[in-house]
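A closer look at the structure
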Amino acid sequence: MTLTRQETRSLLLARGPAQAELFEESRKARDRHWGRTAILRGVIELTNVCRVNCDYCPMRRDNISGNDTYFLTGDQIVRMAQAIKDTGIDVVLLQGGETPSVLPLLEEAIPKIRELFDGRVEILLNTGNFKFAQYEKLRKLGATSYILKHETSDPVLHLAIRHETLEKRLACMRDLRTLGFKIGTGLISSLPGQTLDSVIDDIELAGELDASMCSVSPFVPAPNTPMELSPVGDNDLALNIIACLRLSYPHILIPSVSALERVGTGGQSRGLEAGANVMTVNFSSLVDQQRYLIYGKERFVVTLDHVRDIAERSGLTLRGSAFIDDPEDNRIPA
Ligand code: SF4
């Protein structure tokens, strides 16, 4: 469905019965395309070290000296992938702070993970900006999809809070597309300084990028960051963005992210209600969960039981990767 900017604007502002109607339509769009299913991913958090200095993130570069930093080893990653496999999940999401130091780890682990799953696995990366040749190597080793969130499509705001250019981020996404990765983007909603118009731009950008995946995270003010005193994000706005994305691009994967739960109890359930169709289970050790400070130590860590519970309550069946049955998607380039 093509929504005009004016239609998107009024849907983003919908509350009460108008919001319920919006969610009903977006669920119908999801169910027509995907059936009553949600895709399950398992995430491994590789490192809490990052060279970037995002003002909203406790793992920002300026915090490295005060944080209890870690890097997983290749063996640890493979053991965690085995734990993911044992639960029947076939999407292994490898994510971490943005640092070239994870490249040797990925290069060691990716072929081993593929071997572990006999090739029937989606290896999804979320490890930030790299050079074309570095992405190419990861693709050749067997990574098939990549999340690189644009966070905000407002170039001025992007530079102000990430200290990196939007242009560079988008160039990396184009590189990933060229290399045959399925790409995912994502935005943070309710960022201080963000306008509704720029949120509409975010929704349009997901289409322009031909993204296969797009996430929406409400802003969470995290301790020990320059934005710790900013107001917490609005879950209703985040949910309405999910619904608008679903109506605009029924075929894309939209996760119901843990930040929704952090901002409001039952938030992830509501994400599914608004049209999301992906849930991610965390496989980090308890020690590393406390060190991966994505929203500070108070983060909500998603377990398999939690996911099963809310999927069941939403009447959704959990399923595997959307990509590995297509030989073209799962091919390793020569
Ligand atoms: S949000 Fe990501 S890129 Fe930014 S500082 Fe945190 S880990 Fe690094």
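Looking at an unreviewed UniProt entry, the protein chain carries the name Radical SAM protein, with the source organism given as Streptomyces polyrhachis.

Most of strand β3 (residues 122–126) is tucked away: 5 of the 5 residues are buried. Side chains E122, L124 and N126 of β3 all project onto a buried face; the interleaved residues I123 and L125 project onto the opposite face, where all are buried too. The pairing of strand β2 (residues 91–95) with β3 spans 5 bridges and is parallel. Across the sheet, the residue bridging to V91 is E122, located in β3. In this fold, β2 hands off to helix α4 (residues 102–116), which returns the chain to β3; that crossover is right-handed. Each parallel crossover has a hand, and the one from β3 via helix α5 (residues 132–141) to strand β4 (residues 145–147) is right-handed.

Turning next to unusual backbone geometry. Phi is positive for D210, which is not a glycine, with a value near 55 degrees. With respect to the secondary-structure elements, D210 resides in the loop between α8 (196–208) and β6 (213–218). Using a relative accessible area of 45% as the deciding quantity, one classes D210 as partly exposed. The backbone of N224 sits at a positive phi, close to 60 degrees, despite the residue not being glycine.

Next up on the list: the pattern of salt bridges. Counted by the stated rule, this structure contains 20 salt bridges. Its salt-bridge partner being R15, residue D234 comes within 3.1 Å of it at the nearest N-O pair. Residue D234 is found in the loop between β6 and α9 (235–248), and its partner R15 is found in the loop between α1 (5–12) and α2 (17–34); the two are separated by 219 residues along the sequence. For R15, a relative accessible area of 34% translates into the label partly exposed. D309 is paired through a salt bridge with R313; the nearest N and O atoms lie 2.9 Å apart. Of the two residues, D309 and R313 are both situated in helix α13 (residues 304–313); the distance of 4 residues between them amounts to about one turn of the helix. Residue classification places D309 among the partly exposed residues on the basis of a relative accessible area of 36%. The class for R313 is exposed, based on a relative accessible area of 58%. If you follow the salt bridges from partner to partner, you end up with R5, R9, D197, D201 and E204 in one network.

Time to look at the packing of α2 against α9. Two elements in contact, α2 and α9, have axes whose closest approach is 9 Å; the angle formed by their N-to-C orientations is 40 degrees. The orientation of α2 with respect to α9, classified from their angle, is oblique. Crossing angle aside, the handedness with which α2 passes α9 is left-handed. Residues Q19, L22, F23, E25, S26, A29, R30 and W34 of α2 form the contact with α9, whose own contacting residues are D236, L239, N240, A243, R246 and L247.

Quick look at the environment of I123 now. You can see I123 is positioned in strand β3. You can call I123 buried: its relative accessible area is 0%. Along the sequence, I123 and V52 sit 71 residues apart, while their C-alpha atoms lie 24 Å from each other.

Applying the stated criterion across every chain, the model contains 2 cavities of 30 Å³ or more. Estimates place the volume of the largest cavity at around 1,000 Å³. In this structure, the largest cavity is lined by 50 residues; those nearest its centre are Q95, N126, K149, I294 and Y295. Of the residues assigned to the lining of the largest cavity, the class counts are 26 nonpolar, 15 polar and 9 charged.

How each quantity is defined
- Residues numbered from 1 in each chain as written.
- Predicted model: local features only at pLDDT ≥ 70, side-chain atom pairs only at ≥ 80, totals over all residues.
- Heavy atoms only, no water.
- Buried < 20%, exposed > 50% of the residue type's maximum accessible area, 1.4 Å probe, protein only.
- Helix = DSSP H or I, 4+ residues; strand = E, 2+ residues; numbered from the N terminus.
- Pairing = 2+ DSSP bridges.
- Right-handed = clockwise from strand over helix to strand, strands pointing away.
- Salt bridge = Lys/Arg side-chain N within 4 Å of Asp/Glu carboxyl O.
- Axes fitted to C-alpha atoms, helices over the stretch in contact; angles between N-to-C directions.
- Parallel < 35°, antiparallel > 145°, perpendicular 65-115°, else oblique.
- Left-handed = near helix turned anticlockwise from the far one by under 90°.
- Contact = heavy atoms within 4.5 Å.
- 1 Å grid on protein atoms, 1.4 Å probe; cavity = no way out; pocket = protein on both sides within 12 Å on 5 of 7 lines; lining within 4 Å.
- Points joined across faces, edges and corners; volume = space filled by probe spheres on them.
- Nonpolar A, V, L, I, M, F, W, Y, C, P; charged D, E, K, R; others polar.

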